[in-house]
Amino acid sequence: MHQIIIIGSGPAGFTAAIYAARAGLKPLLFASSVAVGGELMNTTEVENFPGFPEGIQGPELMQRMQEQAEKFGTQVVYDDITEVDFSGDVKRVTAGDGTVHEAETVIYATGSANRKLGIADEDRLSGHGVSWCATCDGFFFREKTIAVVGGGDSAMEEATFLTRFADKVYVIHRRSELKASKIMQERAFQNEKIEFIWDSEVAAIHGENEVTGLTLRSTADGSERELPVTGLFVAIGNDPRTHLVHGKLELTAEGTIAVDGRTSRTSVPGVFAAGDVVDPTYRQAITAAASGTVAALDAEHHLAALEQERSALSAV
Ligand SMILES: Cc1cc2nc3c(=O)[nH]c(=O)nc-3n(C[C@H](O)[C@H](O)[C@H](O)COP(=O)(O)OP(=O)(O)OC[C@H]3O[C@@H](n4cnc5c(N)ncnc54)[C@H](O)[C@@H]3O)c2cc1C
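Residues numbered from 1 in each chain as written. Predicted model: local features only at pLDDT ≥ 70, side-chain atom pairs only at ≥ 80, totals over all residues. Heavy atoms only, no water.

A. Region of interest: the overall build of the chain. When helices and strands are counted, the chain shows six helices and 19 strands. Over its C-alpha trace the chain gives a radius of gyration of 22 Å, about what one expects of a compact globule, namely 20 Å for 316 residues. By its C-alpha atoms, the chain is 75 × 40 × 35 Å across when sized along the principal axes. Taking all contacts inside the chain whose residues are at least 6 apart in sequence as the whole, residues at least 24 apart take part in 59%. Only carbon and sulfur atoms are counted for the fraction: they give 49% of the accessible area of the chain, which is about 15,700 Å². Seen as two clouds, the 27 positive and the 45 negative side-chain charges of the chain have centres 3 Å apart. (Helix = DSSP H or I, 4+ residues; strand = E, 2+ residues; numbered from the N terminus. Rg over C-alpha atoms; globule rule 2.2 N^0.38 Å. Contact = heavy atoms within 4.5 Å. Areas by Shrake-Rupley, 256 points an atom, 1.4 Å probe, with all protein chains shown as cover. Lys, Arg positive; Asp, Glu negative; His and termini not counted. Charge placed at Lys NZ, Arg CZ, Asp CG, Glu CD.)

B. Main features of the UniProt feature "domain: FAD/NAD(P)-binding" (unreviewed entry) in the chain. Here, the residues flagged by UniProt with the feature "domain: FAD/NAD(P)-binding" (unreviewed entry) are residues 3–292. End C-alpha to end C-alpha, residues 3–292 measures 16 Å, and it is 20% helix and 28% strand. (UniProt positions renumbered as here; feature names shortened; annotations may be inferred.)

C. Fine view of the side chain of Asn191. Its place among the elements puts Asn191 in the loop between helix 5 (182–190) and strand 13 (194–197). Within the structure, Asn191 has its side chain in polar contact with the backbone nitrogen of Lys193 (distance 2.9 Å). Setting aside residues no more than four positions away along its own chain, Asn191 makes contact with Thr160 and Thr163. (Polar contact = N/O pair within 3.5 Å; in protein donor to acceptor, adjacent residues only side chain to side chain.)

D. Broad picture of the sheet that holds strand 16 (residues 224–227). Pairing within the open sheet is antiparallel, and its three strands lie in the order 14-15-16. Only two strands of the sheet have a single neighbouring strand rather than two, namely strand 14 (200–206) and strand 16. With strand direction ignored, the average angle separating the axes of adjacent strands in the sheet is 30°. Two strands pair when backbone bridges link them, and strand 14 and strand 15 (residues 213–218) are joined in this way by six bridges, in the antiparallel orientation. The partner of Glu201 across the bridge, within strand 15, is Arg217. (Pairing = 2+ DSSP bridges. Axes fitted to C-alpha atoms, helices over the stretch in contact; angles between N-to-C directions.)

E. Examining the pairing of strand 8 (residues 100–108) more closely. Burial analysis of strand 8 places seven of its nine residues in the buried class, the great majority of the element. Connecting strand 7 (residues 91–95) to the next strand, strand 8, in antiparallel fashion are four residues, including Gly98 with a positive phi near 95°. Pairing geometry for strand 8 and strand 19 (residues 271–273), over three bridges, is parallel. Its bridge partner lying in strand 19, Ile107 is registered against Phe272. (Buried < 20%, exposed > 50% of the residue type's maximum accessible area, 1.4 Å probe, protein only.)

F. Examining the site of the ligand more closely. In the neighbourhood of the ligand, 33 residues make up the surrounding shell, with Ala12, Ala35, Asn48, Asp276 and Ala285 lying closest. Residue Ser32 places a side-chain N or O atom 3.5 Å away from an oxygen atom belonging to the ligand. Between an oxygen atom of the ligand and a main-chain N or O atom of Ala285, the distance comes to 2.8 Å. Coverage of the ligand by the protein amounts to 95% of the 1,000 Å² it exposes when considered alone. For the shell around the ligand, the elements supplying multiple residues, two or more each, are helix 1 (11–22) and helix 6 (285–315). Along the lines of polarity and charge, the residues of the shell around the ligand split into 14 nonpolar, 13 polar and six charged. (Near = heavy atom within 4 Å. Nonpolar A, V, L, I, M, F, W, Y, C, P; charged D, E, K, R; others polar.)

G. Looking closely at the nonpolar core. Grouped together as the largest cluster of nonpolar side chains are 31 residues, with contacts concentrated most on Ile4, Ile6, Phe14, Leu29, Phe49, Leu61 and Ile107. Broken down by secondary-structure element, the contributors of at least two residues to this core are strand 1 (2–7), helix 1, helix 2 (58–71) and helix 6. The residues contacting Ile4, other than those within four sequence positions of it, are Ala20, Leu25, Lys26, Pro27, Leu28, Ala103, Thr105, Ile107, Ala299 and Leu303. Listed in part, the 21 residues of the second largest apolar core include Ile5, Leu28, Val93 and Val106. (Core = buried A, V, L, I, M, F, W, Y, C linked by side-chain atoms within 4.5 Å.)

H. Looking closely at the packing of helix 1 against helix 6. Relative to each other, helix 1 and helix 6 sit at 40°, their axes nearing to 7 Å. The orientation of helix 1 relative to helix 6 falls into the category oblique. Crossing angle aside, the handedness with which helix 1 passes helix 6 is right-handed. Residue-level inspection shows Pro11, Ala12, Thr15, Ala16, Tyr19 and Ala20 of helix 1 in contact with helix 6, the latter providing Ala285, Ala288, Ala289, Gly292, Thr293, Ala296 and Leu297. (Parallel < 35°, antiparallel > 145°, perpendicular 65-115°, else oblique. Left-handed = near helix turned anticlockwise from the far one by under 90°.)

I. Region of interest: the pattern of salt bridges. Enumeration over the complete set of coordinates arrives at 12 salt bridges. In this structure, Glu39 engages Arg241 in a salt bridge whose closest nitrogen and oxygen atoms are separated by 3.8 Å. On the criterion of sequence distance, the pair formed by Glu39 in the loop between strand 2 (28–30) and strand 3 (45–46) and Arg241 in the loop between strand 18 (238–240) and strand 19 is long-range, its members being 202 residues apart. Exposure remark for Glu39: the relative accessible area of 34% places this residue in the partly exposed category. A salt bridge links Lys116 to Asp123; the shortest N-O distance between them is 2.7 Å. Each of Glu104, Glu307 and Arg310 takes part in a single network of salt bridges with overlapping partners. (Salt bridge = Lys/Arg side-chain N within 4 Å of Asp/Glu carboxyl O.)

Right, dumping it as structure tokens:
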């Protein structure tokens, strides 16, 4: 039986692995079969991860995190976890190849997925003008004309934040009114750099190597128009990857895994959660990494407490 199994190979999973491995806990980390390295594998330049003043490519950062985790003894398995059983003291996880692995603790760090528009060229131009994160990429759009798609609070927040850099921000929304809270709406309406395009959806994204424009389609009459922009921020929602733990771990109203205060303790003792899967708000590589640290330390304390209990029992 393992002491720690980690599910997920993003900044949260690998950071948890670095700490657990350095504590001598020999973690077994399931990295997934297709998306090893997590969300940062989908981006180019990361300029806000401390320690890299010249910036670093997302995939290189993740490769270095993995190397660091393996250097201290993390065993990485390139498979998905397809089922979890957290009902007993021994936690069981089933991998894609059908094997069942047991551990005293599990760190759940499966991240979250930004909702996509689902149109051609969206993935191809990701990191080349198409983005899901204004905090991450806003800086690259100084004095540009860009667009944000969405009508909720996060779309208003992204649009307002982006006006710090861009000269002009179009907000494209498929209805004639917003879902965002009153205060967020007001803030956006009062911003002179923001212009709303109502009853419209993005039908196509143009650009060979970088975004050069969009085709918008009216949701009212189907008519189309061209919009020249160099950036498109998609802010239509985010889904934490929790499908394996529904009914097994408590979730929050936002759909993230519920943890106890600033800890990583879930509703099940011995199961810890970290990264974007617990975070409805910040969702950054550094916050996910920090959260992985918390999970590794919590798991370590849990294992030490179990060990103490065992010694006390055997002394009776
Ligand atoms: C395009 C883009 C650009 C970004 N740029 C920046 C940036 O510049 N700076 C910044 O700080 N942040 C950036 N972010 C945000 C950052 O990538 C995330 O906040 C961070 O990666 C979250 O880390 P995580 O470990 O929680 O999850 P993730 O990175 O999502 O990793 C989760 C991992 O778990 C794996 N997994 C899921 N389910 C299973 C399973 N059942 N079995 C095994 N493995 C599983 C996934 O495949 C994935 O590898 C960006 C995000 C995107 C999408």
